[in-house]
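An overview of the molecular structure
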Amino acid sequence: MFEVSQQKQQYKTYLLTDSSTDSLLEVVPERGGIITRWRVQGREILYLDAERFARPEMSIRGGIPILFPICGNLPDNTYTYQGQQYTLKQHGFARDLPWEAIDSEAKSDSASLTLVLNSNEQTRTVYPFDFQVEFTYEFKGHWLGIWQRFVNRSSAPMPFSTGLHPYFQVSDKTDLKFEIPATQFQNQITKEMHAFSGNFDFGQEELDLAFRPLSNQKATVSNNSQRLQLTWSSNYYGTLVFWTIKGKDYYCLEPWTAPRNALNTGTDLIYIEPGGEVQTWVNLDITST
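The paragraphs below set out a description of the structure included in this document. (Residues numbered from 1 in each chain as written. Predicted model: local features only at pLDDT ≥ 70, side-chain atom pairs only at ≥ 80, totals over all residues. Heavy atoms only, no water.)

Before going further, it helps to spend a moment on the overall build of the chain. The secondary structure content of the chain amounts to 3 helices and 25 strands. For 289 residues, the compact-globule estimate of 2.2 N^0.38 gives 19 Å, and the C-alpha radius of gyration of the chain, at 18 Å, lies within 12% of that figure. Principal-axis analysis of the C-alpha atoms places the extent of the chain at approximately 55 × 45 × 35 Å. By residue count, 55% of the 289 residues in the chain fall in the buried class. Taking all contacts inside the chain whose residues are at least 6 apart in sequence as the whole, residues at least 24 apart take part in 61%. (Helix = DSSP H or I, 4+ residues; strand = E, 2+ residues; numbered from the N terminus. Rg over C-alpha atoms; globule rule 2.2 N^0.38 Å. Buried < 20%, exposed > 50% of the residue type's maximum accessible area, 1.4 Å probe, protein only. Contact = heavy atoms within 4.5 Å.)

The following block contains the structure:
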């Protein structure tokens with residue numbers, strides 16, 4: 001029923017399939033370890049800008065990019081650590097680097113793929129730590145588990161934040177209904193705080209809204225016209241970002257462990273002691289309504 005296979009497209013692509021339910025997960029390790037496609041019972045869940053994806057020099061808009069070791073951007077793309085200034089671009093480098101597939105498994109009730117990213121000379125110039133990041137994607141058709149393991153191989157405590165940037169496909173955003181466990185958000189464009197009423201003004205050119213603090217780590221999005229509901233749950237992730245652009249057939253609901261600029265402010269940063277590790281997870285579940 002479940003199978004893991006490989007396919008040579010522009011990049012080597014791993015396919016996790018459930019033939020009994022017409023469900024599929026596609027992962028491209030070489031392009032930032034990204035999930036590029038998630039099909040649930042014949043329905044495409046994710047948006048992907050194929051033209052940008054085909055060009056390695058461009059950031060990807062679509063799929064589920066990985067954010068590490070920061071989420072969002074830094075003022076002037078810089079931060080200071082132990083008196084030295086470093087340059088780190090928006091969302092960090094994990095989404096731009098090749099990951100290595102180290103394990104895969106197909107069982108009677110699921111399929112999984114494990115990827116790893118290790119620090120190297122390139123990463124140390126912008127983030128002076130030795131690390132290993134391991135992601136395991138576990139696929140059960142309508143359910144997707146993303147298990148993450150972060151290991152500090154440095155001699156000093158390692159600060160970081162991490163997140164995901166999923167692009168969900170939608171044809172009519174006004175059909176969406178949101179249940180987000182927060183009473184307020186910050187408009188990340190104007191920096192203003194607003195109370196959350198449960199609705200968004202999709203007439204604006206861009207919405208970039210950060211919800212925190214969260215009262216719990218579970219949120220739902222219902223698509224009334226498609227009769228689908230997305231449920232997001234996690235540990236460690238205390239910020240939830242909603243982002244979309246007018247006229248584009250996607251919305252992003254992004255779990256972050258810390259808000260923008262956390263490497264400078266320290267807000268909600270995760271610290272791993274030398275030789276230690278931290279494990280985080282995000283689950284996504286699609287159900288019919």
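Here we take up the pattern of salt bridges. Inspection of the entire model under this criterion finds 12 salt bridges. Residue Glu277 is joined to Arg149 by a salt bridge in which the shortest nitrogen-to-oxygen separation is 3.1 Å. Of the two residues, Glu277 sits in strand β25 (residues 277–288) while Arg149 sits in strand β12 (residues 143–152), which places them 128 residues apart along the sequence. Note on Glu277: relative accessible area 37%, which makes it partly exposed. The exposure class of Arg149 is partly exposed, given its relative accessible area of 25%. A single network of salt bridges, built from pairs that share partners, joins Glu26, Arg37 and Glu44. (Salt bridge = Lys/Arg side-chain N within 4 Å of Asp/Glu carboxyl O.)

This paragraph deals with the nonpolar core. Ranked by internal contacts, the top residues of the largest apolar core, which has 75 residues, are Trp38, Phe200, Phe211, Phe242 and Tyr251. The leading source of residues in this core is strand β11 (residues 131–139), at 5 residues. Look past the residues within four positions of Phe242 in its chain and what remains in contact with it is Phe178, Phe200, Phe202, Leu207, Asp208, Leu209, Phe211, Tyr251, Cys252 and Leu253. With 6 residues, the next largest nonpolar core counts Tyr167, Trp243, Ile245 and Cys252 among its residues. (Core = buried A, V, L, I, M, F, W, Y, C linked by side-chain atoms within 4.5 Å.)

This brings us to the packing of aromatic side chains. All told, the structure shown has 37 aromatic pairs when counted by the stated rule. Taking the centre distance of 6.1 Å and the plane angle of 90° together, the rings of Tyr167 and Trp243 count as edge-to-face. Placement of the pair is Tyr167 in strand β15 (residues 167–169) and Trp243 in strand β22 (residues 239–245), with a sequence separation of 76 residues. Like Trp243, Tyr167 is buried. Centre to centre, the rings of Phe196 and Phe211 are 4.8 Å apart; their planes meet at 80°, and the pair counts as edge-to-face. Taken together, the residues span a long stretch of sequence, with Phe196 in the loop between β18 (193–195) and β19 (206–211) and Phe211 in strand β19 at a distance of 15 residues. By the burial criterion, Phe196 is buried, and Phe211 matches it. Taken together, Phe68, Tyr81, Phe93, Trp99, Tyr127, Phe129, Phe131, Phe135, Tyr137, Phe150 and Phe160 form an aromatic cluster joined through their ring pairs. The ring of Trp143 is capped by Lys140, whose NZ or CZ atom sits 5.1 Å from the centre of that ring. (Phe/Tyr/Trp six-rings, centres within 6.5 Å; stacked < 30°, edge-to-face > 60°. Lys NZ or Arg CZ within 6 Å of the ring centre and 35° of its normal.)

Below, the discussion takes up the state of the cysteines. By definition, a disulfide links the sulfur atoms of two cysteine residues through a covalent bond. A full pass over the atoms with the stated rule returns 0 disulfides. No disulfide involves Cys71; its sulfur sits 13 Å from the nearest other cysteine sulfur, which is in Cys252. By relative accessible area, Cys71 is classed as buried at 2%. (Disulfide = S-S within 2.5 Å.)

Glancing now at unusual backbone geometry. In this model, Phe68 is joined to Pro69 through a cis peptide bond whose omega is 5°. Relative to the elements of secondary structure, Pro69 occurs in the loop between β6 (66–67) and β7 (78–81). Cis rather than trans, the peptide bond between Arg212 and Pro213 has omega equal to 0°. Looking at where Pro213 falls in the secondary structure, it is placed in the loop between β19 and β20 (218–223). Phi is positive for Asp22, close to 55°, though the residue is something other than glycine. Looking at Asp22, the relative accessible area reads 40%, which means it is partly exposed. Look at Gln41: it is not a glycine, yet its phi comes out positive at around 50°. For Gln41, the position within the fold is in the loop between β4 (34–40) and β5 (43–44).

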